Amino acid sequence: MRLAICIALLLLLRGALQLPWLQLIPALLIFYLGSGGWRFLRIFFKTVGRDLNAAKVLLTVKLNVRRHLHEGNTIPALFSQCVRKHPDKPALIFQATGTIWTFRQLDLFSNAVANYLQEQGFSAGDVVAIFMENRNEFVGFWLGMAKIGVEAALINSNLRLEALHHCFTVASTKAIVFGSEMAQAMNEVHAMLEKSVRLFCSGDWNLEKMPPGTVFLDPLLEKGSPLPPSTPQRDFTDKLFYIYTSGTTGMPKAAIVVHSRYYRMAALVYYGFRMRPDDVLYNCLPLYHSAGNIVGVGQCLLHGLTVVIRRKFSASGFWEDCIKFNCTIVQYIGEICRYLLNQPEQAAEQQHRVRMALGNGLRPVIWKQFTSRFGIPQVAEFYGATECNCSLGNFDNNVGSCGFNSQILPSVYPIRLVKVDKDTMELIRGPDGLCIPCRPGEPGQLVGRIVQQDPLRRFDGYLNKGATSKKTAQDVFRRGDMAYLTGDMLVMDEYGYIYFQDRTGDTFRWKGENVSTTEVEGTLSRILNMADVVVYGVEVPGAEGKAGMAAIADPKKSCDLDKFVKEMGKELPAYARPVFLRLLPEVNKTGTYKFQKTEMRKEGFNPRVVTDSLYLLDSRQGKYVPLDKEVFLRIQSGEQKL
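The structure displayed is predicted, hence computed values, not measured ones.

**Re the pairing of strand β20 (residues 482-492)**
At step 1: The buried fraction of β20 is high, at ten of eleven residues.
At step 2: Pairing analysis gives five bridges linking strand β18 (residues 444-449) to β20, with the strands arranged antiparallel. Bridging across to β20, Val447 finds its partner in Leu485.
At step 3: Note that strand β19 (residues 472-474) and β20 share three bridges and pair antiparallel. Following the sheet pairing, Thr472 is matched in β20 by Tyr484.

**Structural notes on the pattern of salt bridges**
At step 1: Here the structure, examined in full by the defined rule, presents 30 salt bridges.
At step 2: Taking the shortest distance from any N to any O, the salt bridge between Glu494 and Arg39 comes out at 3.6 Å. Residue Glu494 is located in the loop between β20 and β21 (497-503), and its partner Arg39 is located in helix α2 (residues 21-71); the two are separated by 455 residues in the primary sequence.
At step 3: According to the relative accessible area criterion, Glu494 is partly exposed, its value standing at 25%.

**Topic: the side chain of Gln95**
At step 1: Tracing the chain through its elements places Gln95 in the loop between β1 (90-94) and β2 (99-102).
At step 2: Residue classification places Gln95 among the buried residues on the basis of a relative accessible area of 14%.
At step 3: When neighbours within four sequence positions are excluded, Gln95 is seen to be in contact with Val308, Ile309, Arg310, Asp321 and Phe325.

**With respect to the pairing of strand β6 (residues 198-202)**
At step 1: Where burial is concerned, most of β6 is hidden: four out of the five residues are buried.
At step 2: Pairing of strand β5 (residues 175-179) with β6 involves five bridges; the strand directions are parallel. Along β6, the bridge assignment pairs Phe178 with Cys201.

Cut-offs applied
Residues numbered from 1 in each chain as written. Predicted model: local features only at pLDDT ≥ 70, side-chain atom pairs only at ≥ 80, totals over all residues. Heavy atoms only, no water. Buried < 20%, exposed > 50% of the residue type's maximum accessible area, 1.4 Å probe, protein only. Helix = DSSP H or I, 4+ residues; strand = E, 2+ residues; numbered from the N terminus. Pairing = 2+ DSSP bridges. Salt bridge = Lys/Arg side-chain N within 4 Å of Asp/Glu carboxyl O. Contact = heavy atoms within 4.5 Å.

Have a look at this one:
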């Protein structure tokens, strides 16, 4: 735009002064650079290579999606192509037992699942829940269901009672396939289920521990037909399965994953981070989550990689596993990287062949420490959610960022950071009624324009229509459009690199300043030698905004608060230092290693409610003092100033 204006002005000048073209060109260049064009040129030359590579990735995935739509492909159909290419190559390896399934074996197992379910009367459109811990069979079950159009509901194995029952019922499940390790949880929820819901168990069978009416599935599958099942007509945009949100607030929501979305998420990672068919991927993430089951397992099903599945993440056994199975890519999410850093140094952490760490949630404050200590040349950090249409990827290994958007042609990938009200998190709109884009360095909520006809831009939402509507907004980029709201605050620099800041609602305002809980958590955790730290805002009577509170895992009761205050004072501004502390044995986390803040935020700093040790930052003394009932009452009455 600036260049066009400069050209127009100089053309007018040439006409008025009758300058020849050879004299006009230097004048044009000087005028353009003097008006700020030099900044665009600097950005152009620094980012053009990055942007061209990203454009190639997007075009590749887009053309592949278009081809799969035209050919009527599905995820099982694409998997069958991998089976034909290398039937005897290891597809899945279960770390706990060393069990290796080749692509042919995975295909035969999933065929047996599909044929058995068809014999039992299940058909396309029915929903069957899978409730078990990580193992090869988890993948085989949902893949077999997909072959006959049965939609799997992938249930968080940590859920119990009401939340578990909710997940079964919200998806209208006709049957539940559960691991024997989940028998107790199933017994607890059995009475709540509809009598028509059928139960199948896989694993170590013990009839006395099973809910009434449970069928032992394993021997039936061994006798079942391994031949390809009769498959119904399915489309690339049909439902594949449901993945539930972590449920950190309220009941979990069932996000719809269609075949094209599964492909898009896995393919963007594969091409964007330049994976190779001979890579071996170490997957210690839960398979009921999109990072584990799509970003991870998707590389096996769609691109022929070998994936090592671990039942649960183990910091102490992580690098030994990588050496044992010759892993070249490891997955992480949330706090996993910090847990690894918190382990004592061992020889195995430098003897592996890992060339890439793939995931999201690696905090910038420990980024370089993680890569240097473990000798990992590339961090493939990405941003995305199961249901979102505006994923990002750090394709060029830029420290700290979760992705980027082109500043040369920003409209090619229709995402944007938009201004929101810092207190209510409502979208701020300009005089034209549209959302206001953020400038470089200005935090905003990430949004992505919805185009339902485009598999790369569509938003499939949740089973709950109300939850779906809350994640969209109209008139965002232009009049009449629709956009997906991520609910996350990010910030972009002048080169288009984007950095995650916080979840909306997790930021809070104190002393006239916005406090990023993620940033404070990272700083405090580092001060406390990588201890688990959760930061949130709590309401204080008579005070504007919310006061910061930090819950710190201190199982040995060894936290030196005097030292902590001194170190904190060096690294955090006054408004960001937690006013309240809560020392507890352990901080609760979701199955994807995200901290659960909701209940702690509700409990606040009331010693009548909280049984853990509470402390108040006494600004006059410059130290934390015990917060008992007497101090609490003084705060409530306004006598105790913060």
